[in-house]
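Reading the structure
So the chains spell out like this:
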Amino acid sequence: MESRFIRYLAPVLISILVSASSLGAAPKVKVGLEVLRDIDFAPLKGKRVGLVTNPSGVDHNLKSTIEILFEAPEVNLVALYGPEHGVRGDVYAGGHVADYVDPVTGLTVHSLYGPTRKPTAKMLEGIDVMVYDIQDVGCRSFTYISTLGKLMEACAENDKELVVLDRPNPLGGEKMEGNVVEEGYFSFVSQFAVPYVYGLTPGELARLLNARSEQPCRLTVIPMEGWNRKMTWEETGLEWVVASPHVPQGKTARFYPVTGIFGMTLAGIVIKDAAERI
């Protein structure tokens, strides 16, 4: 009886010890947000800042980009901009995001997912530099990269700087699969002529789009430290923060390309079910 109890208890104790030893441990990858902080927010100093983000914009201690920029004495954060699901992640998939005042910071939140998907000149009044910090999934139909593309267009048209804080591609940087969008079939879930699985980080995609554009914006990408193209999400050491109900865990990103193309309803059912069964 005692022997069986020890055999049962040993794996539990080992798991507890391993978990405890990892608490507070720095991840292998330092995201662009943390690199920006390390350089004392130099690209933002003396400028009025607008921020496009959602709950996935965090450092390795899960402190949000909103709070980090809002609290930094070097940064004058003056407005927030909400993609699909909103800056706080509290809007259902496909639901329009309305303008409102953020109760935590008191800043105006402009909607970029509703009747307006590209920042207007009025939305950008009083802004010197826009910052984009959202975790992507490496799949073309995920709408956050479409928001990034529209933001780049608006910054170019209104002569605003854009700073993209880079984050890992959870599928790695070597996997490129699927068709490229054909002329006449572009939409907000197929905004760019890239493969369905495109193998780039948000910063790399921004550079590609800027190089292709006839009217490029003034783009600065704050790179990560420690990331390489062969890394899986688990190897980054970063925590996954749910920014979309379709991708509740980091490993779920591997399923999204299989089903996301069929639409949000089917994707939500199949991906969530698959992730919970692992």
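Description of the structure in this document. (Residues numbered from 1 in each chain as written. Predicted model: local features only at pLDDT ≥ 70, side-chain atom pairs only at ≥ 80, totals over all residues. Heavy atoms only, no water.)

1. Description of the overall build of the chain
When helices and strands are counted, the chain shows 8 helices and 9 strands. Buried residues in the chain amount to 50% of all 278 residues. Excluding contacts between residues fewer than 6 apart, the proportion of contacts in the chain whose partners are at least 24 apart in sequence is 70%. About 13400 Å² of surface is accessible on the chain, with carbon and sulfur atoms providing 57% of the total. (Helix = DSSP H or I, 4+ residues; strand = E, 2+ residues; numbered from the N terminus. Buried < 20%, exposed > 50% of the residue type's maximum accessible area, 1.4 Å probe, protein only. Contact = heavy atoms within 4.5 Å. Areas by Shrake-Rupley, 256 points an atom, 1.4 Å probe, with all protein chains shown as cover.)

2. Describing unusual backbone geometry
Among all residues except glycine, the phi angle is most often negative; among peptide bonds, the trans geometry is most common. Residues other than glycine seldom take positive phi values, yet Leu 62 does so here, at roughly 70 degrees. Relative to the helices and strands, Leu 62 resides in the loop between β1 (48-53) and α3 (65-71). The class for Leu 62 is partly exposed, based on a relative accessible area of 47%. A positive phi angle, close to 55 degrees, is found at Asp 159, a residue other than glycine. Along the chain, Asp 159 falls in the loop between α4 (143-157) and β6 (161-165).

3. Some remarks on the packing of aromatic side chains
Both the distance between ring centres and the angle between the ring planes are used here to describe each pair of aromatic rings. This model, assessed by the stated rule, comprises 3 aromatic pairs. Seen from their ring centres, Phe 142 and Tyr 256 are 5.3 Å apart, and the 75 degrees between their planes marks the pair as edge-to-face. With Phe 142 in the loop between β5 (129-133) and α4 and Tyr 256 in helix α7 (residues 256-259), this residue pair connects regions lying 114 residues apart in the sequence. Classification of Phe 142 by relative accessible area gives buried; the value is 6%. Under the relative-accessibility criterion, Tyr 256 is labelled buried at 5%. On the basis of an interplanar angle of 85 degrees and a centroid distance of 4.9 Å, the ring pair of Trp 233 and Trp 240 is categorised as edge-to-face. (Phe/Tyr/Trp six-rings, centres within 6.5 Å; stacked < 30°, edge-to-face > 60°.)

4. With respect to the nonpolar core
Core analysis: the biggest nonpolar cluster contains 69 residues, and Leu 44, Tyr 81, Met 130, Tyr 132 and Leu 162 have the highest contact counts within it. Of all the elements, α4 adds the most residues to this core, at 8 residues. Not counting residues within four places of it along the chain, the set of residues in contact with Met 130 comprises Gly 50, Val 52, Tyr 81, Leu 124, Leu 151, Cys 155, Glu 161, Leu 162 and Val 163. (Core = buried A, V, L, I, M, F, W, Y, C linked by side-chain atoms within 4.5 Å.)

5. Some remarks on the sheet that holds strand β9 (residues 218-222)
Spatially, β3-β4-β2-β1-β5-β6-β9 is the arrangement adopted by the 7 strands of the open sheet, whose pairing is mixed. Because the sheet does not close on itself, it has two edges, and the strands there are β3 (100-101) and β9. Bridging between β6 and β9 involves 5 bridges; their strand directions are parallel. Its bridge partner lying in β9, Leu 165 is registered against Ile 222. Lying over the sheet, helix α5 (residues 202-212) contacts β6 and β9, oriented at roughly 160 degrees with respect to β9. (Pairing = 2+ DSSP bridges. Axes fitted to C-alpha atoms, helices over the stretch in contact; angles between N-to-C directions.)

6. Thoughts on the pairing of β6
On a regular strand, each side chain points to the face opposite its neighbour's, so the side chains alternate between the two faces of the sheet. With 5 of 5 residues buried, β6 is to be regarded as a mostly interior element. Residues Glu 161, Val 163 and Leu 165 of β6 are buried on one face, and the alternating residues Leu 162 and Val 164, pointing to the opposite face, are buried as well. Sheet analysis places β5 next to β6, joined by 4 bridges and oriented parallel. Looking at β6, one finds that Tyr 132 is bridged to Val 164. What joins β5 to β6 is α4, and the crossover it makes is right-handed. (Right-handed = clockwise from strand over helix to strand, strands pointing away.)

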